[in-house]
Structures are given as C-alpha cells and as structure tokens.
Amino acid sequence: GQQLNQSPQSMFIQEGEDVSMNCTSSSIFNTWLWYKQDPGEGPVLLIALYKAGELTSNGRLTAQFGITRKDSFLNISASIPSDVGIYFCAGRSNDYKLSFGAGTTVTVRA
Amino acid sequence: DARVTQTPRHKVTEMGQEVTMRCQPILGHNTVFWYRQTMMQGLELLAYFRNRAPLDDSGMPKDRFSAEMPDATLATLKIQPSEPRDSAVYFCASGLSGTGIYSNQPQHFGDGTRLSIL
C-alpha cells in the first residue's frame, strides 16, 4: 500500500505532557487505525476509527478521523513513561489492505 | 485476549537455506496478512489471504517467496533460497472482513519472526 505522511517522525516527551501526532494521505480511506509498537513486539491496536469526523477515546488516547477522510490525528494526554514506543497510523480502503505511516518514535526526554 | 501466534520468534541461518515462518491467526478470523518490516522501508505488505484464498501477493518477490494457507489455522511464508537482503522482521496479522464497513474489524498483529540471513 501507499505510504502515508506521518508526523512528527520523532518526539521527546516529559512525563505529564500532552502528545500529538497526525497522518495525511492523498487518498481517502474508510477506516483509520492507530497502532503502538514496543521493541521486539508486534504493533498493538490502540484505536480504530470508522466514520469521517469520528472522535474516539481510549483512556488517555484520543483520535479523530478527518472530515475529508484523508487525515487522522492521535493525542496522548498526561503522558507517562510507558507511552514511549513507535506509533503507526494506518489507513484502510474497501479492499481491507492497510497503508502505513512511517511511524512516530516517542522517547522520554532526559 | 486472543492473539496471533508466530513461530519461530527468531531465526538465524546462512544464505541459500530455506526458511519457513508460521502463523496461527486468531480463531474465527478470515483474513491473513504477511508484512515485512525494515528500518528503510517500514511495514510492507507481502501477501494477503481471505478465506484461505490468496488475494494479493504483488508485494512478494515471486522467485523466492511463497505464501500458503494449508488450513484456516495455519499460514506459512517460505523463502527459498534465502539471501542476506531478506533479513527483516516478518509479521503476520489477521482480521475479520465482511460486507459493510462496520463489519470489517481491525487487523491484529503477531509479535513477528526476526530473521537474520548471514
């Protein structure tokens, strides 16, 4: 699948900060998914979005499906040390295949 | 929680050897994907099955890679002969797809096979 534009590529956080990342695409999708990957493990689903304009929360995570169906963002509020990892966005079309962003690496600022 | 199971977790072998990676999808899921992850290319789709039938393997080098689903509980990805450039982490994912967008559930990933070809 096509590569989505995910930004930022990396970020440093301090505990308690809010974190934001987003994905954009030149194509429309009917589903947006956000995954988190820890070292040595596979991506784990965080949030799934199925409808343009949808805003969904999962604990401290909030994600939105852009109204144009070409973008999505993920917010993490009041970050904690275990939030470090690589976050991937993925867009899905009718063929059920996923197109992935390159990932946002979140690390703790020393 | 149900999980996708992949074996082996790690594989180191010499170039030219055959490599077989296995995946047990989540029970009841009807779609299975094979992805390859590298630093340079990120997550790349290699092959995709629905109801055990291959739907898309355009991302897979045909001359050396093959993917099959002998039954609904097992998917395999084989490389023969293997080359150093095949070194990567290979992920299997499964999901449940059906009619209508709300019946299409998200894909869930296994923990991958980390492959090193010397």
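Keep in mind that what you see is a predicted model, and the values were worked out from it rather than measured.

Colleague: Hey, could you go over the interface of chain B and chain A for me, with residue numbers and the actual values?
Modeller: Across the contact, 25 residues belong to chain B and 19 residues belong to chain A. Here chain B packs against chain A, burying approximately 1900 Å² in sum over the two surfaces, 54% of which is carbon and sulfur. Counting across the chain B and chain A interface gives one salt bridge. K97 of chain A is paired through a salt bridge with D56 of chain B; the nearest N and O atoms lie 2.4 Å apart.

Colleague: Quick rundown of the state of the cysteines? Include the residues and the values.
Modeller: Overall, the coordinates contain two disulfides over all chains when judged by the stated rule. One disulfide bridge connects C23 of chain A with C89 of chain A, the sulfur atoms lying 1.6 Å from each other. Between C23 of chain A and C89 of chain A, the disulfide has an S-S torsion of -75 degrees and is therefore left-handed. Linking C23 of chain A in strand β3 (residues 19-24) with C89 of chain A in strand β9 (residues 85-92), this pair joins segments that are 66 residues apart in sequence. Both residues of the pair, C23 of chain A and C89 of chain A, belong to the buried class. Disulfide pairing is shown between C23 of chain B and C92 of chain B; the S-S distance is 1.9 Å. As the torsion about the S-S bond is roughly -60 degrees, the C23 of chain B-C92 of chain B disulfide counts as left-handed. In this pair, C23 of chain B sits in strand β3 (residues 19-24) while C92 of chain B sits in strand β9 (residues 88-95), placing the two residues 69 residues apart along the sequence. Taking relative accessible area as the criterion, C23 of chain B reaches 1% and is therefore assigned buried.

Colleague: Run through the sheet that holds strand β1 (residues 5-7) of chain B, naming residues and quoting values.
Modeller: Residue and element names in this part refer to chain B. What the four strands build is an open sheet, ordered β1-β3-β8-β7; its pairing is antiparallel. At either margin of the open sheet sits one strand with a lone partner, and together these are β1 and β7 (65-71). Looking at each pair of strands side by side, their axes are set apart by 20 degrees on average, direction ignored. Pairing geometry for β1 and β3, over three bridges, is antiparallel. Counterpart to Q6 in the pairing with β3 is C23.

Colleague: Just give me the short version of the sheet that holds strand β1 (residues 5-7) of chain A, but keep the residues and values in it.
Modeller: All names here are of chain A. One open sheet holds the five strands; their spatial order is β1-β3-β8-β7-β6, and the pairing between them is antiparallel. The sheet terminates laterally at β1 and β6 (55-58), the two strands that pair on one side only. Between one strand axis and the next, the sheet turns by 15 degrees as a mean value, whatever way the strands run.

Colleague: Give a description of the pairing of strand β8 (residues 71-76) of chain A that names residues and reports values.
Modeller: Residue and element names in this part refer to chain A. Taking every second residue as pointing to the same face, the buried face of β8 carries S72, L74 and I76, while none of D71, F73 and N75 on the other face is buried. Across six bridges, the pairing between β3 and β8 is antiparallel. In the strand pairing of β8, N22 is matched with F73. In terms of strand pairing, strand β7 (residues 61-65) meets β8 through five bridges, oriented antiparallel. Each residue of the ladder has a partner; that of Q64, found in β8, is F73. Between the end of β7 and the start of β8, which pair antiparallel, lie five residues, with R69 showing a positive phi angle near 70 degrees.

Colleague: Can you tell me about the confidence of the model for chain B, naming the residues and giving the values?
Modeller: When pLDDT is averaged along chain B, the result is 92; 95% of the residues meet or exceed 70. Predicted confidence in chain B is weakest over strand β6 (residues 53-56) of chain B, with a mean pLDDT of 90, and strongest over β3 of chain B, with 98.

Colleague: Outline the environment of V84 of chain A, supporting the account with residue identities and numerical values.
Modeller: All names here are of chain A. Structurally, V84 can be placed in the loop between β8 and β9. On the accessibility criterion, V84 (28% relative accessible area) is partly exposed. In this structure, the C-alpha to C-alpha distance between V84 and T107, residues 23 residues apart in sequence, is 5.0 Å.

Colleague: Residue-level account of the packing of aromatic side chains, with values.
Modeller: Where two aromatic rings form a pair, the distance of their centres and the angle of their planes describe that pair. Here the structure, examined in full by the defined rule, presents twelve aromatic pairs over all chains. Seen from their ring centres, F100 of chain A and Y35 of chain B are 5.5 Å apart, and the 85 degrees between their planes marks the pair as edge-to-face. Taken together, the residues F100 of chain A in strand β10 (residues 98-100) and Y35 of chain B in strand β4 (residues 31-38) connect one chain to another. According to the relative accessible area criterion, F100 of chain A is buried, its value standing at 2%. Ring centres of F100 of chain A and F109 of chain B lie 6.0 Å apart, and the angle between their planes is 70 degrees; on these two criteria the pair is classed as edge-to-face.

What counts and what doesn't
- Residues numbered from 1 in each chain as written.
- Chains lettered and ligands numbered in written order.
- Predicted model: local features only at pLDDT ≥ 70, side-chain atom pairs only at ≥ 80, totals over all residues.
- Heavy atoms only, no water.
- Contact = heavy atoms within 4.5 Å.
- Buried area = accessible area lost by both parts, 1.4 Å probe.
- Salt bridge = Lys/Arg side-chain N within 4 Å of Asp/Glu carboxyl O.
- Disulfide = S-S within 2.5 Å.
- Helix = DSSP H or I, 4+ residues; strand = E, 2+ residues; numbered from the N terminus.
- Buried < 20%, exposed > 50% of the residue type's maximum accessible area, 1.4 Å probe, protein only.
- Pairing = 2+ DSSP bridges.
- Axes fitted to C-alpha atoms, helices over the stretch in contact; angles between N-to-C directions.
- pLDDT = per-residue confidence, 0-100.
- Phe/Tyr/Trp six-rings, centres within 6.5 Å; stacked < 30°, edge-to-face > 60°.

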